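What the coordinates show
These are the residues of each chain, in order.
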Amino acid sequence: AVLPGPAPADWVQAPLDPAVRAVLVGFDEHFSYAKLCQALRYLLRGGPDCLLVGTNRDHRLPLEGGAGIPGTGCLVKAVETAAQREAFIVGKPNRFMFDCVAGEFQVDPARTIMVGDRLDTDILMGTACGLTTLLTLTGVTALDEVRGHQDSGCPARHSLVPDYYVDSIADLLPALGE
Amino acid sequence: GGAGCGGGSSSSRSMASCRRLSGAGLREVLGPAQGLLFDCDGVLWAGERAVPGAPELLERLRRSGKAALFVSNNSRRSVAELERRFSRLGFRGVRAEHVFSSALCSALFLRQRLLGGGGGNGSGAGRVFVLGGEGLRGEVRDAGLRLAGEDEPAPGEPVRAVLVGYDDQFTFAKLAQACGYLRDPQCLLVATDPDPWHPLSDGQRTPGTGSLTAAVETASGRKALVVGKPNTYMFDCIVERFGVDPSRTLMVGDRLETDILFGKNCGLATILTLTGVSRLEEAQAYMASDSAAAKDLVPNYYVDSIADLIPGLDE
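Residues numbered from 1 in each chain as written. Chains lettered and ligands numbered in written order. Predicted model: local features only at pLDDT ≥ 70, side-chain atom pairs only at ≥ 80, totals over all residues. Heavy atoms only, no water.

Overview of the sheet that holds strand β1 (residues 22–25) of chain A
Residue and element names in this part refer to chain A. If you trace the 3 strands from one edge of the open sheet to the other, you get β1-β2-β5, paired in parallel fashion. Edge strands, defined here as strands with exactly one partner in the open sheet, are β1 and β5 (88–89). Looking at chain direction, β1 and strand β2 (residues 51–54) are connected through 4 bridges and run parallel. Counted as the bridge partner of A22 is L51 from β2. Contacting β1, β2 and β5, helix α3 (residues 72–83) crosses the sheet at an angle of about 145° to β1. (Pairing = 2+ DSSP bridges. Helix = DSSP H or I, 4+ residues; strand = E, 2+ residues; numbered from the N terminus. Contact = heavy atoms within 4.5 Å. Axes fitted to C-alpha atoms, helices over the stretch in contact; angles between N-to-C directions.)

Some points on the pairing of strand β6 (residues 113–116) of chain A
Residues and elements named next belong to chain A. The alternating pattern of β6 places M114 and G116 on a buried face, while none of I113 and V115, on the opposite face, is buried. Summarising the sheet, β6 and strand β7 (residues 132–136) pair through 4 bridges and their orientation is parallel. Of the residues in β7, the one forming a bridge with G116 is L135. Once you follow β6 into helix α5 (residues 119–128) and on to β7, the crossover reads as right-handed. (Buried < 20%, exposed > 50% of the residue type's maximum accessible area, 1.4 Å probe, protein only. Right-handed = clockwise from strand over helix to strand, strands pointing away.)

As for the domain arrangement of chain A
Taken domain by domain, chain A consists of domain 1 (8–89) and domain 2 (107–175). For domain 1 of chain A versus domain 2 of chain A, the distance between C-alpha centres works out to 30 Å. (Domains from an automatic or database assignment.)

A short note on the pairing of strand β5 (residues 67–72) of chain B
Residue and element names in this part refer to chain B. Burial of β5 is extensive: 5 of the 6 residues sit out of reach of the surface. Summarising the sheet, strand β2 (residues 35–38) and β5 pair through 4 bridges and their orientation is parallel. Residue L36 lies in a different strand from β5, and its bridge partner there is A68. Running through helix α3 (residues 79–88), the crossover from β5 to the neighbouring parallel element strand β6 (residues 99–101) is right-handed.

Things to note about the pattern of salt bridges
Inspection of every chain in the model, using the stated rule, returns 24 salt bridges over all chains. With a shortest N-O distance of 3.2 Å, E48 of chain B and R88 of chain B are connected by a salt bridge. With E48 of chain B in the loop between β3 (45–46) and β4 (49–50) and R88 of chain B in helix α3, the pair connects residues that are 40 residues apart, well separated along the chain. A relative accessible area of 53% places E48 of chain B in the exposed class. As a salt-bridge pair, E97 of chain B and R95 of chain B come within 2.6 Å of each other at their nearest N and O atoms. Linked by salt bridges that have partners in common, R57, K77 and E80 of chain A make up one network. (Salt bridge = Lys/Arg side-chain N within 4 Å of Asp/Glu carboxyl O.)

Some words on the nonpolar core
Residue and element names in this part refer to chain B. Counting residues in each nonpolar core, the largest one holds 73 residues, and the members touching the most others are F38, F70, F91 and L309. When residues of this core are sorted by domain, at least three fall in each of domain 1 (19–73 + 230–312) and domain 2 (103–115 + 125–226). Setting aside its immediate chain neighbours within four residues, L309 contacts L21, L26, L30, L36, L57, I271 and V303. (Core = buried A, V, L, I, M, F, W, Y, C linked by side-chain atoms within 4.5 Å.)

Here we look at the UniProt feature "binding site: substrate" (unreviewed entry) in chain B
Residue and element names in this part refer to chain B. As annotated by UniProt and renumbered to match this structure, "binding site: substrate" (unreviewed entry) occupies S72, N73, N74, H198 and K229. For this annotated set, covering 158 residues, all C-alpha atoms fall within 14.2 Å of each other, a compact arrangement in space. Within this annotated set, the largest pocket is lined by S72, N73, N74, H198 and K229. Mapped onto the fold, N74 is located in the loop between β5 and α3. Not counting the four nearest positions on each side in its chain, N74 is found in contact with D41, S101, S102 and A103. Looking at N74, its side chain comes within polar contact range of the side chain of D41, at 3.2 Å. By secondary structure assignment, the location of K229 is in the loop between β13 (225–226) and α8 (233–242). On the basis of relative accessible area, K229 is assigned to the buried category, the value being 1%. (UniProt positions renumbered as here; feature names shortened; annotations may be inferred. 1 Å grid on protein atoms, 1.4 Å probe; cavity = no way out; pocket = protein on both sides within 12 Å on 5 of 7 lines; lining within 4 Å. Polar contact = N/O pair within 3.5 Å; in protein donor to acceptor, adjacent residues only side chain to side chain.)

A short note on the domain arrangement of chain B
Residue and element names in this part refer to chain B. Under the domain assignment, chain B is made up of domain 1 (19–73 + 230–312) and domain 2 (103–115 + 125–226). With centres defined by C-alpha atoms, the gap from domain 1 to domain 2 works out at 28 Å. At the junction of the two partners, domain 1 supplies 10 residues and domain 2 supplies 13 residues. On the domain 1 side of the interface with domain 2, the three residues burying the most area are N73, Y233 and R255, jointly 52% of the side's total. Applying the counting rule to domain 1 against domain 2 returns 1 salt bridge. (Buried area = accessible area lost by both parts, 1.4 Å probe.)

Okay, structure coming up:
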């Protein structure tokens, strides 16, 4: 919807859609204060009857050369902070997506490997769902980080330690010979 | 319990007890006070309307020889604009030098950190990337700093600080730009204030600097240095300019998590006014809580409105 006027005082006069019952925060390269404002209005109007859902908490999307752009997690945090409430996060490490896959495809966790580059999403979800976990080092995680969790005395951090790692998923090819 | 009652302010008092200030108590508390620090939004005014009796209170303070200074987390306006606002809303005699906004204090903080506090001509000190409006940008310029995105950068003028303020033109692109600058570990991340939202006159809320700062912190993996209340930097600015004695100064505010905690952190006795954000029930809930942190959010006293302080002053 087009917001009247240039300033928040105008935006909060715009009528709210009476049918809205959830605010969903995903990756939005057009995120703006105006949208944040509208999200807050719906959440305040609905209270617990208006869901606050985030697709994921990734804080960074890596690009080539070590650069990155802000991830969805940043936008989720902005909405959570303004609304002073916590979002339900659908994405990893929440097991919701695994349950979707397992429901569709007869997946046996004991015979399934989760392959990922991120400890606090991919590996953690894999551990939580009873999958074997395989870390690949072509993404955000370096081995030092894993050692750190491994050597810590903290059980929660141990859930971040993968069963196995490879430098790249290409390293799996020899195991899949003729 | 008798903690925090009567006898004016002592800086190392035990737990505050949120007593209504009235009658003889008013005179006991206001009598010894040399000055009062006031938050602005929700205390002196709400939107474009002065709180009834607030201008008279300031006038009576002046006549009683007590100082009135102003400390606001609102980073939208320059102190010059705030001086005009005071006047427009009917408050007499408030000058820009009496007003400490988070915009001003953030600029002073950055000046100290980037220029060594001496002013100088800014060359080689680096630039500041500001997420905020013209009021905030003006204060940063007035402090002798150069803003990223304005004029051609000179060689050796990297961005040395990202300043997050109230920015109703905040976008994903600006967030990405801020993160780019923050990849340099030498680049400071500073926020004007932690406020998650601000009330609007019709009961709605608008997102505050705190929500934008959370986005920048999450994207950059850094924690911001927060200038505004409840942190004490703004009090340091006040002391530097006016030499205030905390044991003879009262903090008056409407938001427990910022104003009252600020008072506690600076060693000031605190008065909550109920014309703004926080409800009395919230203060009482903090008082009943087992958590030590919650106790720090309990005001020593409360009033329905700052107009209720008038009878505590001499005729």
